[in-house]
Amino acid sequence: LKSAKPTQSHTMLEMAGGYTREQLYGAESFASFLAPESIEFVIANFGKFLAGQPYEHHYTFYFVRADGEKRLCEKYMVDVENRDGTRNLIISMLDITDRQRAEEERERLQAQLLQSQKMESVGRLAGGVAHDFNNMLAVILGHLELVLGEMDEDDPLLDSLTEIQKAAERSAELTRQLLAFARKQTVIPKVLDLNETVSGMNKMLKRLIGEN
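Residues numbered from 1 in each chain as written. Predicted model: local features only at pLDDT ≥ 70, side-chain atom pairs only at ≥ 80, totals over all residues. Heavy atoms only, no water.

Examining the pattern of salt bridges
What the rule picks out here adds up to ten salt bridges. Between Lys-70 and Glu-37 there is a salt bridge, and its shortest N-O distance comes to 2.6 Å. In this pair, Lys-70 is assigned in strand S2 (residues 70–81) and Glu-37 in helix H3 (residues 36–50), connecting sequence segments 33 residues apart. With a relative accessible area of 40%, Lys-70 lands in the partly exposed category. Of the charged contacts in the structure, one is a salt bridge between Arg-65 and Glu-69, with a shortest N-O distance of 3.7 Å. The exposure class assigned to Arg-65 is partly exposed, which follows from its relative accessible area of 22%. Residue Glu-69 is classed as partly exposed on the basis of its relative accessible area, which comes to 28%. Taken together, the shared-partner salt bridges connect Arg-65, Asp-67, Glu-69, Arg-71, Asp-95, Asp-98 and Arg-101 into one network. (Salt bridge = Lys/Arg side-chain N within 4 Å of Asp/Glu carboxyl O. Helix = DSSP H or I, 4+ residues; strand = E, 2+ residues; numbered from the N terminus. Buried < 20%, exposed > 50% of the residue type's maximum accessible area, 1.4 Å probe, protein only.)

Structural data, given as structure tokens:
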């Protein structure tokens, strides 16, 4: 990895790395331009080539530009044996940082699209369930109205049926919210008296919550 002569690596670093020739030729080795996480592997892999051992012909590593920016580089190494038995190492390198960022952005947008499709499916499901539930509540409320119309004011079941009616009406309100969430119903905001709303739930809450 040590070289004082102009090499393809030097040319690449000069063009893509923003280094001057003095910085390149004055460096101790090519490893001086590598990011810390890439130094060990690159040196070890080149050492395998020098030792005649199997080495990685294609890999990626990070190098650091003169301005401090870390860039991802793709490297290809091919050794060629001459007729006299000597070996030459042909190296080609390509800065793939922009390509990687574009792929990451594409994956991010794809994930957003999938999430959007999931939410759309949830909305359709919620709308379908709310629609069916609303129909059942309409039947319950209709029968309650008929029964309450036939009951005397002193009937002991009147209070219980009235609470059932209120609970059904609140359930119908929830279904309207679900339908609005599913974009199947127009949202019509209205002013609420919170005191009246809460106090109207007292009887039901006392029965549901219990003494403790």
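Read on, since the account is not over.
As for the pairing of strand S1 (residues 58–64)
Where burial is concerned, the two faces of S1 differ: the one with Tyr-59, Phe-61 and Phe-63 is buried and the one with His-58, Thr-60, Tyr-62 and Val-64 is not. With seven bridges joining them, S1 and S2 adopt antiparallel strand pairing. When the bridges of S2 are listed, His-58 appears paired with Tyr-76. The loop that links S1 with its antiparallel partner S2 comprises five residues; one of these, Gly-68, has a positive phi angle of about 95°. (Pairing = 2+ DSSP bridges.)

What to know about the sheet that holds S2
Each strand in a sheet pairs with its neighbour through backbone hydrogen bonds, running either in the same direction (parallel) or in the opposite one (antiparallel). As summarised here, the arrangement of the three strands in space is S1-S2-S3, forming an open sheet in which the pairing is antiparallel. One side of each edge strand has no neighbouring strand; the edge strands of this open sheet are S1 and strand S3 (87–95). In this sheet, neighbouring strand axes are inclined to one another by 35° on average, regardless of whether the strands run parallel or antiparallel. With nine bridges joining them, S2 and S3 adopt antiparallel strand pairing. The residue bridging Tyr-76 from the neighbouring strand is Ser-92, located in S3. In the packing of H3 onto the sheet, the strands contacted are S1, S2 and S3, and the crossing angle to S1 comes to about 135°. Along the sheet, helix H4 (residues 97–150) contacts S1, S2 and S3; its crossing angle with S2, the most-contacted strand, is approximately 125°. (Axes fitted to C-alpha atoms, helices over the stretch in contact; angles between N-to-C directions. Contact = heavy atoms within 4.5 Å.)

Re the side chain of Ser-38
By secondary structure assignment, the location of Ser-38 is in helix H3. Within the local environment of Ser-38, its side chain forms a polar contact with the backbone nitrogen of Tyr-62, the two atoms lying 2.9 Å apart. (Polar contact = N/O pair within 3.5 Å; in protein donor to acceptor, adjacent residues only side chain to side chain.)

Concerning the packing of aromatic side chains
Counted by the stated rule, this structure contains four aromatic pairs. Taking the centre distance of 4.9 Å and the plane angle of 80° together, the rings of Phe-41 and Tyr-59 count as edge-to-face. Here Tyr-59 lies in strand S1 and Phe-41 lies in helix H3, a separation of 18 residues in the sequence. Judged by relative accessible area, which is 37%, Phe-41 ranks as partly exposed. Geometrically, the ring pair formed by Phe-46 and Phe-49 is tilted, given 5.9 Å between the ring centres and 40° between the ring planes. (Phe/Tyr/Trp six-rings, centres within 6.5 Å; stacked < 30°, edge-to-face > 60°.)

Thoughts on H3
In this model, H3 (15 residues) spans 22 Å end to end at C-alpha, consistent with the 21 Å of a helix rising 1.5 Å per residue. Turning to H3, its buried residues number three or more, namely Ser-38, Val-42, Asn-45, Phe-46 and Phe-49. For H3, the angular spread of buried residues about the axis comes to 95°, placing them on one side. Set apart from the buried face of H3 by more than 90 degrees, the exposed residues are Pro-36, Glu-40 and Leu-50. Where H3 is buried, its residues meet S1, S2 and S3. In the stretch just after H3, Gly-52 is the one whose phi turns positive, near 75°. (Expected span 1.5 Å × (residues − 1). Arc of directions from axis to C-beta.)

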